[in-house]
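Letter by letter, the chains look like this.
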Amino acid sequence: MNKTKKIEELSLVDRLVGLLRDAIINGEIEPGAHIGIKNISDAYGVSMIPVREALARLLASRLVRVENNRGYFVADRPTPDKFRQFIEARELFECSVIGMGFDNATPADIKKLRGLNEKMGKVAASQRKDRMVKWSALNVEFHQVLVGLAHNSYLSNQYADLSFGNMHFQLVRSLPKEFTSLEQLVGEHDQMIEALEAGDRDRFFVVLSAHIRNIMIEE
């Protein structure tokens, strides 16, 4: 197999995932709408293979659903109860996995986390219409770095497959307005980075748990 072609195809799938995800979150494609693979293929000028792969990834993130013999549809917005379960599962998973890798954090990891959080701070301070989508994408990457401290590819893949990192994307779809202060969440990230750098395990997990539960949707 041509390695260059394989890399290009993977990059194309990543771009399609982002484009389709943003269209769903921004309401360009409404909940319940059918997503025609051929239509998407024609619209973006690509083959149907990467479109199918992109939709399969969006299925894992619960932004789309699939019906036998009917294809893909935009998933309904999560209810408060389902979102609560989602948060509880994420807290359990993330705290456990990061606990395994807490002592593995290197100066390079700290630098990367600070860089991502600085970008999130700039997005939070902006007035751009897609600020929540952009901020959420950076937040996913931030928490993936933390999960990656365990140096366990299976757990990192599970984190991605179970879509815990994508809860902010779900939240954007669930509420008609911004759910909480992005600046506050950025501040909590700073506290986690400082605790990680200082090796203060207790402080880190107190802040992390509160940070995850800070976005609970009220009934």
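Residues numbered from 1 in each chain as written. Predicted model: local features only at pLDDT ≥ 70, side-chain atom pairs only at ≥ 80, totals over all residues. Heavy atoms only, no water.

> Summarise the sheet that holds strand β1 (residues 34-35); cite the residues concerned and give the values.
In space, the 3 strands of this open sheet follow the order β1-β3-β2, with antiparallel pairing throughout. Whereas interior strands pair on both sides, the edge strands pair on one side only; in this sheet they are β1 and β2 (64-67). Examined bridge by bridge, β1 and strand β3 (residues 71-74) share 2 bridges and lie antiparallel to one another. Considered in β3, the bridge of Ile35 is made with Tyr72. Along the sheet, helix α3 (residues 48-60) contacts β1, β2 and β3; its crossing angle with β2, the most-contacted strand, is approximately 110 degrees. (Pairing = 2+ DSSP bridges. Helix = DSSP H or I, 4+ residues; strand = E, 2+ residues; numbered from the N terminus. Contact = heavy atoms within 4.5 Å. Axes fitted to C-alpha atoms, helices over the stretch in contact; angles between N-to-C directions.)

> I'd like to hear about the pairing of β3, residue by residue, with values.
Across 4 bridges, β2 lies against β3 in antiparallel orientation. In the sheet register, Arg65 faces β3, and the bridge partner there is Phe73.

> Tell me what's going on with α3, and back it up with residues and numbers.
Along its 13 residues, α3 runs 19 Å from first to last C-alpha, staying within 8% of the 18 Å computed at 1.5 Å per residue. All of the buried residues in α3 are Pro50, Val51, Ala54, Leu55 and Leu58. Across the axial projection of α3, the buried residues extend over an arc of 140 degrees, all falling on one side. Where α3 terminates, the next one or two residues include Arg62, which has phi positive at roughly 65 degrees. (Expected span 1.5 Å × (residues − 1). Buried < 20%, exposed > 50% of the residue type's maximum accessible area, 1.4 Å probe, protein only. Arc of directions from axis to C-beta.)

> Tell me about the packing of helix α5 (residues 107-125) against helix α6 (residues 131-148), residues and numbers included.
Packing of α5 against α6 brings their axes to within 9 Å, and their N-to-C directions diverge by 165 degrees. Accordingly, the angle class assigned to the pair α5 and α6 is roughly antiparallel. The two elements α5 and α6 meet at a crossing, and its hand is left-handed. Contact residues: α5 offers Lys112, Leu113, Leu116, Asn117, Lys119, Met120, Val123, Ala124 and Ala125, while α6 offers Arg131, Lys134, Trp135, Leu138, Asn139, Glu141, Phe142, Val145 and Leu146. In terms of residue class, the contact of α5 with α6 is built from 11 nonpolar, 2 polar and 5 charged. (Parallel < 35°, antiparallel > 145°, perpendicular 65-115°, else oblique. Left-handed = near helix turned anticlockwise from the far one by under 90°. Nonpolar A, V, L, I, M, F, W, Y, C, P; charged D, E, K, R; others polar.)

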